Each structure stands twice: as C-alpha cells, then as structure tokens.
Amino acid sequence: MPGRPGWAVLLVLWMGCQPRKEEGPPAPPPVAAPAPVTVTKAEVSVSFDLQAGEEGTARFVLKDPRTGAPVRGARLLAWMDARPEGQAAPDDAACRTRIKTYLGGLLAARAEVDLNSFLLLTLNHDHTLSVIDPQLSFQRTKLKHLISLGGAAGDWALRPDGGALYVSQPTHGTVSVVDTRRFLVQRNVRVGQKPGRLALAPDGRTLWVDNEGDGTVSVLDTTTQEVLGTLEVGEGRKEFAFGEDGRTAWLSSSGGEELVAVDVASREELGRVTVGTGTRALAYSEVARALYLLREQAHEVLVVDGSRREVVHRVSVAPGPGTLRFEPSGRWAFVLYSHGDRVDILDTASNRVAHSLTGFSAPDQVTFTSAFAYVRNTGDARMSLIELASLEKSGTPAVVQITMGQKKPALARELGRSSAIATLPEGNSVLVAGTADRALYLYSEGMMAPRGTHLNYGREPRAVLVLDRSLREVEPGVYAAQARPRKNGPHDVHVLLDSPRTPVCLTWTVSSVPEDATSAGTAPLVLEPRFDSARHLTAGQRTSLRFRLTPAAHVKDQRPLSPEELQVLVFRPPSGRWLERPVPRRVEDGVFEIDVFPPEPGQYVLLVGAESRGAPLGALRDFKLGVQAAPTLRHVSEVHP
C-alpha cells in the first residue's frame, strides 16, 4: 500500500518435545480489538526442536522489523510436509502451487501436519456426539467420530484450550469428560441431582454445574476432574455470569430471591443481593462493570453494581422476555422474546431500551460475530442478522433475513438449551444447526444463502460447537497450534499470510530419532493385513476383513489399541464419491475386523488410522481393494423328452 510502512515477518516455529504435564489450561490472553494488518515477505528466520512422533506446539512470531513491535491480529495458515529424499526446497512458484493444493481439501493432498484444521461437534437427540471434519471434500460423509453418551445430555461446555469437552447427564447425576484428542468419554464425575446447565470460568480452570434436583452448584477442577466443592444457591434452574475480569461468579436460581456472589479462586461467598424470584438470565458487562439480570415474570431487567452489590437500576421491558446476552463490546444487551416476535436492545450507557425490533418468529437464541448478531427464529426457518454497527446510528438498525434450511426448528423433537449457532475460526462465518432438517448449515457474511450444507446422518443436532485446532494468537504477535510430525529429516513449511495473500516457504529439519526407531521405521504403529489383498471382493455383497494393528517397537506406549481409538475409511478414488466408515470390532489384542459393502465394481482404497497414537488417516500404509461384478444368474429351460 503506497505511503504505508511495510511489515516484515519473523516466524519462529518451536516444537516442544518434553512430555506434557497435567496442568490447567492457560489463561486466555487479554482481548483487544486488532488493527488491520498488512504483511509482506521481507525477513524470515526459523528455528525448531522436535523429534518425530512427539506432539508439541508450533509457534509463529510476527514482528515489525523497524520497531520490533509484535504484529497483532494477523491471519495466517500453515502446513508442514516431509521433503522427499534428494528433492530441493520448493521455489516461490512451487510454494504457491502446493498451498493452492492444500486449500483444495482433498484427502489425497492433505499435508502431513495441518496447522489450520477445525472440527464440528454436534450434540444429538439420540444421546450421541458427532465429530465432523468439514475440510474433506467428500460428498457422502465427513463423519470422523460418533461418541455414545449413554444417556440424555443436559448441556455441554468446551474448555478454552480445546483439551476437554464436558457434558452433563441429568439422569445419571454425572458430568462426562470427553477427551477431544481420542474422542472418548474419559471419565464420569458424580455431582448433584439432575445436573443441567454448565458454565466454564473465563480462565478455564473450573467448571460450574447446576444441580437442578437439589438446589446446589458443584464446582469442578478441570485439571484433576474432581469436585472442589458444592455451593447452596436455591431451588430451580440456575444461571451463571462471571464478572470483574473473571474473578467473581454470580449465581442465581429461578426459585430463590437472592443473587449470590462467589470468589472464583477460593469459592468463598462474597455476598448476596435480594432481587426477587423468577430470574431467567444473567449477563455481565465489563464495560459497565455491572451485572444485568432478567426477571421474566416481573417484565424487567435489573442492573446490579458489581462492587457495591446492590440493585442500581430497573428497566421495564415487554411481557415474556426469555434471553439476555451482550454483544462482544459489552455495551449492547439483547433481550429476546421466545414466545413473541420482538428483540429489545438495551444501551448500557443510559440503561434504557434503545431499539425495539419486531418481525421475528419466536426468537430464542443469539450469537455474535464482530459485525452481526445472529438471532434464531424457532417459528420459521429464517436466521435474522442484526448489524451491530447500525445500533449507534439513528433510526432502525439494519436487519437481514437469511433462510436456513427447509423446516422451522420448532418441528424438532426438542430444541435443547445449548447454542445452535457457533462462530467459525475465520470470524465472519457461522455454523447453524438445522435441528428439524437434521443438517448443518455454513453461512458466510455477505451471502444471501448458506454456502454449504453438511448432513448429520439422520440425527437431530440440538447444539453445535467448533473445536478449533488452527493457529491462534496466544500472546501479542505469537500464533500457536499443536503439531505432531511423523518423520525425521527436512520438512517444508508452507505459510500463507493474509492482507495481502503472501506465500512464505521455510525449511525445518526434524531432529534425529533414536537408532532403534530408525531401523524399525518412523511410523508409530504397524499395520498388517489378515486378508488376501489380491482377492477380489464382490459388488453388492458384504465382506468381513481382518487386520492387525500394534504399536511399533520403538514407541514407548505399548498398550493394545481399542476399537474406539481406530478410524477406518473405505473410499473409491480419485474423487471419493463413494465413502464408508466401517466400525471396527476387536477379535483379540491387536486384531480387528470390519465389514465392507462396495456397491459396484472398481478399485477401492482402505485406510486405517489411530489419531490418538500419532497415526491419523493416511499416515500408515493403504490397501487396494479390487471389486468385481456379481455373477449373472442364467435361467436354463427344462427340456422334456
């Protein structure tokens, strides 16, 4: 850009190979509105330290070369691939071509280490969790894992670092802890009676559980997964809000008359505020330094001073308010009327209703990006987008209506409590659960219709989350993601910087692995077929295939694999227009069996992986399966003498 000082880039990629300690998730960095960033390739340096097969953290550091100041708010993508022996480092043209290939999302062109991946999680009506990879370009299925919960879920919460997912189980009186690396239920923690709502403290170190059956709140340590204590709050449904930069937890109950303030670190009660019965929602504004409380039956919003712990304002609203949430700046509070057609917007600067919007259809949820408020209508299939920038202008705020699917959410078996809208990592797109349509819709701002649809395989998605494994800014100018390279030797690191889009190619040499590992190969698992790979299968017939999968000799973790750890994929190349994910069965330690059902003659590919053991799909050897047509039955007429 003319007249604007150029940015240089200092990228430092560091991989820690020390064993990971069981520590609490790191506190998120202070949130600040990033300024627009322009990055060009001017200066690059890189250093690495990692052994093959070890998981570590990839760190990219961006700095202004003139001032040394960190470049904040940058957007970058990165991939890593082992360089073939004897091949030279790619030039700029080859770098651009490879990045374009990666962006295509084909399984055959996936990088060895993708630092930009994210997964979609759905909470389903049939007591399962779906894990979907939206970045594979297969038309039939993108389902990566299906987790059985063993009971109806009340609510869920994802730890800020993405390391664990918590699901409340009202009928069992437990909270299930789901390992988001292996996608297994790691533990069931017993809490109070009928646990429902879940809330994570902003630092991610404690989980607060609403025990609706006994008037208490359980507090879990997210490092040890143990109950730290139980608080007496009151009968009925609880609401949570965290204020004073996450130091204070505010708790309420629909049947109680008091609001309880609790110190998050010590869990000691700080005081109580009498507010009356019927609390429907809580929301804290850091800008106003006040707590906002919605009383449904009294048709009012109470403003509670956080430091004095007393009600300082009462704002009258229309009958039937159901939801109260703040947009990211903390100035505007949205009040939704789930049994009506309106949305009120309160201005914390004046503590008055600044805008009353109508034309909605039983709105019950709202989610925010930096530009829009996304309001779900349950009475029809529209999503209403309210432009946040227009709230400060005179006149009626701008509202855009987007059709999401065919059926209105109210036709679903149950709508659920958790959010059916999730923001995607790019920040200007959302994922919407089409509950009654049994589908997911991807929408990008500026479009008049969803840009993509993912089927949920016959299940109603009652809530959605995005498990972001991509590079994120963990401190000013530092961008990090988890990575696990599979081989030692030189690697090509491809980086795409945005604003403007600029490719950067780096070289990294993975440190040597021990001699016994080298002689045995660097793959962490050994895959052997227990079937004749030269034998042709028959189209339209189900065939059982067995294989042996065991840890390699050089791997420290020699535990036998379980079927739940395995990912199996059978598809027809090159486009993958037919794809199946057979469920493996354990025959004996290390030996598994699957059923395949190829629909037509041709060449198929079988892939086996175990991501939790450092061998995702594509890391191990593949098997070619030849499929022949079923024999034609010929009818022979009887010949009579």
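Within every chain, residues take consecutive numbers counted from 1 along the sequence as written. Residues qualify for local features only when their pLDDT is at least 70, as the model is predicted, and side-chain atom pairs are given and counted only at 80 or more; totals for whole chains, interfaces and linings, by contrast, use all residues. Side-chain numbers come from the whole structure's heavy atoms, not from hydrogens or water.

Draft legend 1. Main features of the overall build of the protein. Each helix is a run of DSSP H or I of at least 4 residues and each strand a run of E of at least 2, with the numbering of both proceeding from the N terminus. Check the secondary structure of the protein and you find 2 helices and 48 strands. A total of 641 residues make up the protein; the buried ones form 51% of that total. Pairs at least 24 residues apart make up 54% of the contacts formed inside the protein by residues separated by at least 6 positions. Exposure was quantified through the Shrake-Rupley algorithm and a 1.4 Å probe, taking into account, for residues, occlusion by the shown protein chains and nothing else. Entry remark: accessible area of the protein is about 29200 Å², with carbon and sulfur atoms responsible for 48%. Burial classes follow relative accessibility: with a 1.4 Å probe on protein chains only, a residue under 20% of its type's maximum area counts as buried, one over 50% as exposed, and anything between as partly exposed. Note on contacts: a residue pair qualifies if any of its non-hydrogen atoms lie within 4.5 Å across the two residues.

Draft legend 2. Structural detail: the state of the cysteines. We call a pair of cysteine sulfur atoms a disulfide whenever their separation is within 2.5 Å. Under the defined criterion, the tally for this structure stands at 1 disulfide. Paired through a disulfide, cysteine 95 and cysteine 505 show a sulfur-sulfur distance of 1.9 Å. Residues cysteine 95 and cysteine 505 share a disulfide whose torsion about the S-S bond is about 115°; that sign makes it right-handed. Residue cysteine 95 is found in helix 1 (residues 92–103), and its partner cysteine 505 is found in strand 39 (residues 502–510); the two are separated by 410 residues along the sequence. Its relative accessible area of 1% is what places cysteine 95 among the buried residues.

Draft legend 3. Inspection of the environment of arginine 75 at higher detail. Of note, arginine 75 is situated in the loop between strand 1 (56–61) and strand 2 (76–82). In contact with arginine 75, not counting residues within four places along its chain, are Glu426, Leu496, Leu497 and Asp498.

Draft legend 4. Looking closely at the packing of aromatic side chains. Between 30 and 60 degrees the pair is tilted, below 30 it is stacked and above 60 it is edge-to-face, where a pair is any two Phe, Tyr or Trp rings, Trp via its six-membered ring, whose centres lie within 6.5 Å. The final tally for this structure, using the stated rule, is 7 aromatic pairs. Distance and angle both matter: a charge sits over a ring if NZ of Lys or CZ of Arg is within 6 Å of the ring centre and within 35 degrees of the ring normal. Taking NZ or CZ as reference, arginine 342 lies 5.4 Å from the ring centre of tyrosine 337, over its face.

Draft legend 5. Spatial organisation of the pairing of strand 17 (residues 258–263). Here the rule is simple: two strands pair whenever DSSP picks up at least two bridges between them. Bridge analysis of strand 16 (residues 248–253) against strand 17 gives 4 bridges, and the strand direction is antiparallel. What sits directly across from leucine 251, in strand 17, is valine 260. Between strand 16 and strand 17, which pair antiparallel in sequence order, lie 4 residues. With 5 bridges connecting them, strand 17 and strand 18 (residues 269–274) associate as antiparallel partners. The residue of strand 18 that forms the bridge with alanine 261 is glycine 271. Hairpin connection between strand 17 and strand 18: a loop of 5 residues separates the two successive antiparallel strands, and arginine 267 in this loop has a positive phi of roughly 65°.

Draft legend 6. Here's a closer look at the nonpolar core. In this structure, Phe547, Leu549, Leu606 and Leu625 are the most contacted members of the largest nonpolar core, which totals 25 residues. Those elements that place two or more of their residues in this core are strand 40 (525–529), strand 42 (543–551), strand 43 (567–571), strand 46 (591–596), strand 47 (602–609) and strand 48 (623–628). Once residues lying within four places of it in the same chain are set aside, the contact partners of leucine 549 are Leu525, Val526, Leu527, Leu561, Leu566, Gly590, Phe592, Val608 and Leu620. Counting residues in each nonpolar core, the second largest holds 21 residues, with Val71, Ala74, Ala481 and Leu497 among its members. In this description, a nonpolar core means a group of buried Ala, Val, Leu, Ile, Met, Phe, Trp, Tyr and Cys residues linked to one another through side-chain atoms lying within 4.5 Å.

Draft legend 7. Region of interest: the sheet that holds strand 9 (residues 174–179). Pairing within the open sheet is antiparallel, and its 4 strands lie in the order 7-8-9-10. The open sheet has two edge strands, strand 7 (156–158) and strand 10 (184–190), and neither has a second partner. With direction set aside, neighbouring strand axes in the sheet form an average angle of 20°. Axis definition: a line fitted to C-alpha atoms, over the contacting stretch in the case of helices. Angles run 0 to 180 degrees between N-to-C directions.

Draft legend 8. Just the side chain of asparagine 116, in detail. Following the sequence through the fold, asparagine 116 ends up in the loop between strand 3 (113–114) and strand 4 (118–124). Pairs of N or O atoms are called polar contacts if they sit within 3.5 Å, as long as, within protein, a hydrogen donor faces a hydrogen acceptor (for residues adjacent in sequence, only side-chain-to-side-chain pairs). For asparagine 116, the side chain forms a polar contact with the main-chain nitrogen of alanine 78, separated by 2.8 Å.

Draft legend 9. Examining the pattern of salt bridges more closely. By definition, a salt bridge exists where a carboxyl oxygen of Asp or Glu is found within 4 Å of a side-chain nitrogen of Lys or Arg. One pass over the structure, following the stated rule, counts 39 salt bridges. Note that arginine 72 is salt-bridged to glutamate 473, the shortest N-O span being 3.6 Å. In this pair, arginine 72 sits in the loop between strand 1 and strand 2 while glutamate 473 sits in strand 36 (residues 472–475), placing the two residues 401 residues apart along the sequence. With a closest N to O distance of 3.7 Å, aspartate 245 and arginine 247 form a salt bridge. You can call aspartate 245 exposed: its relative accessible area is 56%. Of the residues examined, arginine 247 reaches a relative accessible area of 47% and is grouped as partly exposed.

Draft legend 10. Region of the structure containing the confidence of the model for the protein. Taken as a whole, the protein shows an average pLDDT of 83; of its residues, 85% reach a score of 70 or greater. Note: pLDDT gives the predictor's confidence per residue, expressed from 0 to 100. Here residues 137–141 scores under 50 on pLDDT; set against residues more than four positions off or in separate chains, the count is 16 contacts. Confidence drops under a pLDDT of 50 for residues 635–641, and excluding neighbours within four residues, the segment shows 0 contacts in the predicted structure.

Draft legend 11. Looking closely at the pairing of strand 26 (residues 352–358). The pairing of strand 25 (residues 342–347) with strand 26 spans 6 bridges and is antiparallel. Counted as the bridge partner of arginine 342 is threonine 358 from strand 26. Counted along the chain from strand 25 to the antiparallel partner strand 26, the turn is 4 residues long, and its residue asparagine 351 has a positive phi close to 55°.

Draft legend 12. Structural detail: the sheet that holds strand 29 (residues 382–387). With respect to topology, 4 strands assemble into an open sheet ordered 27-28-29-30, the strand pairing being antiparallel. The sheet is open, and its two edges are formed by strand 27 (363–368) and strand 30 (399–403), each paired on a single side. When strand polarity is set aside, the average angle formed by the axes of neighbouring strands in this sheet is 25°.

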